[in-house]
Amino acid sequence: HFTLRHAATRPLAPVAMRRVHEFIHDNLSKPLRLAELSEIAGLSRGHFSRAFRLACGMSPHRYVVASRIEKALAMLVAGRPPIDAAHSAGFADQSHLTRRLKDVTGLTPGEVKRAGIATVGSWRLVM
């Protein structure tokens, strides 16, 4: 009896991580697929996911969602309408943004916009 194990995974190389981060941030309003991100890094999807998690402390999907929330928060704090923030940040619609934002911050987009300040985990955006 034997088991197959993944080869030791190392964190994503800094150059590959920079390329992936730039691609994600340049394309937040578009659908982002794991296959596309792993291709940019030059790794298989499984290897990329493990290496990204080691380098970033979260899965690629979670990083994309966090980046979208961060962009939407910045837009809301700057006074942009929730529908614009939702579309620019890559959410399907305003209600999708509202659900994600409420899950993370406990606030609706309108509450964030009115307060002019947002705190999400380690993010703190002040207008």
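These numbers come from a predicted model, not from an experiment.

About the cut-offs
- Residues numbered from 1 in each chain as written.
- Predicted model: local features only at pLDDT ≥ 70, side-chain atom pairs only at ≥ 80, totals over all residues.
- Heavy atoms only, no water.
- Helix = DSSP H or I, 4+ residues; strand = E, 2+ residues; numbered from the N terminus.
- Buried < 20%, exposed > 50% of the residue type's maximum accessible area, 1.4 Å probe, protein only.
- Contact = heavy atoms within 4.5 Å.
- Areas by Shrake-Rupley, 256 points an atom, 1.4 Å probe, with all protein chains shown as cover.
- Salt bridge = Lys/Arg side-chain N within 4 Å of Asp/Glu carboxyl O.
- Polar contact = N/O pair within 3.5 Å; in protein donor to acceptor, adjacent residues only side chain to side chain.
- pLDDT = per-residue confidence, 0-100.
- Phe/Tyr/Trp six-rings, centres within 6.5 Å; stacked < 30°, edge-to-face > 60°.

### What to know about the overall build of the chain
Okay, so step 1: A count of helices and strands for the chain gives seven helices and two strands.
Okay, so step 2: Listed by position from the N terminus, the elements making up the chain come as α-α-α-α-α-α-α-β-β.
Okay, so step 3: For the chain, buried positions account for 33% of its 127 residues.
Okay, so step 4: In the chain, the share of contacts with a sequence separation of at least 24, taken over all contacts with a separation of at least 6, comes to 52%.
Okay, so step 5: For the chain, the accessible surface area stands at approximately 7800 Å², while carbon and sulfur atoms represent 54% of it.

### Observations concerning the pattern of salt bridges
Okay, so step 1: What the rule picks out here adds up to one salt bridge.
Okay, so step 2: Where D84 meets R80, a salt bridge forms, and the shortest distance between an N and an O atom there is 3.7 Å.
Okay, so step 3: Judged by its relative accessible area of 30%, D84 falls in the partly exposed class.

### Points about the environment of K71
Okay, so step 1: Mapping K71 onto the fold places it in helix α4 (residues 60-77).
Okay, so step 2: Given the relative accessible area of 32%, K71 is considered partly exposed.
Okay, so step 3: As a C-alpha pair, K71 and H25 span 46 residues in sequence and 9.1 Å in three-dimensional space.
Okay, so step 4: Residues contacting K71, with those up to four places away along its chain left out, are L28, S88 and A89.
Okay, so step 5: A distance of 3.2 Å separates the side chain of K71 from the backbone oxygen of S88, its partner in a polar contact.

### A closer look at the confidence of the model for the chain
Okay, so step 1: Per-residue pLDDT for the chain has a mean of 86; in total, 85% of the residues score no lower than 70.
Okay, so step 2: Here strand β2 (residues 123-126) stands out as the least confident element of the chain, with mean pLDDT 45; helix α2 (residues 34-41) is the most confident, with 96.
Okay, so step 3: A low-confidence stretch, residues 120-127 stays under pLDDT 50, and its non-local contacts, those more than four residues away or across chains, total 23 contacts.

### So, the packing of aromatic side chains
Okay, so step 1: Overall, the coordinates contain two aromatic pairs when judged by the stated rule.
Okay, so step 2: When the centroid spacing of 5.5 Å and the interplanar angle of 50° are considered together, the rings of F48 and F52 count as tilted. With a gap of four residues between them, F48 and F52 both fall in helix α3 (residues 45-56), about one helical turn apart.
Okay, so step 3: By relative accessible area, which is 0% here, F48 ends up buried.
Okay, so step 4: Given a relative accessible area of 0%, F52 falls into the buried group.
Okay, so step 5: Judged by centre distance (5.6 Å) and plane angle (70°), the ring pair of F52 and Y63 falls under edge-to-face. Here Y63 lies in helix α4 and F52 lies in helix α3, a separation of eleven residues in the sequence.
Okay, so step 6: Site record: aromatic cluster; members linked through ring pairs are F48, F52 and Y63.

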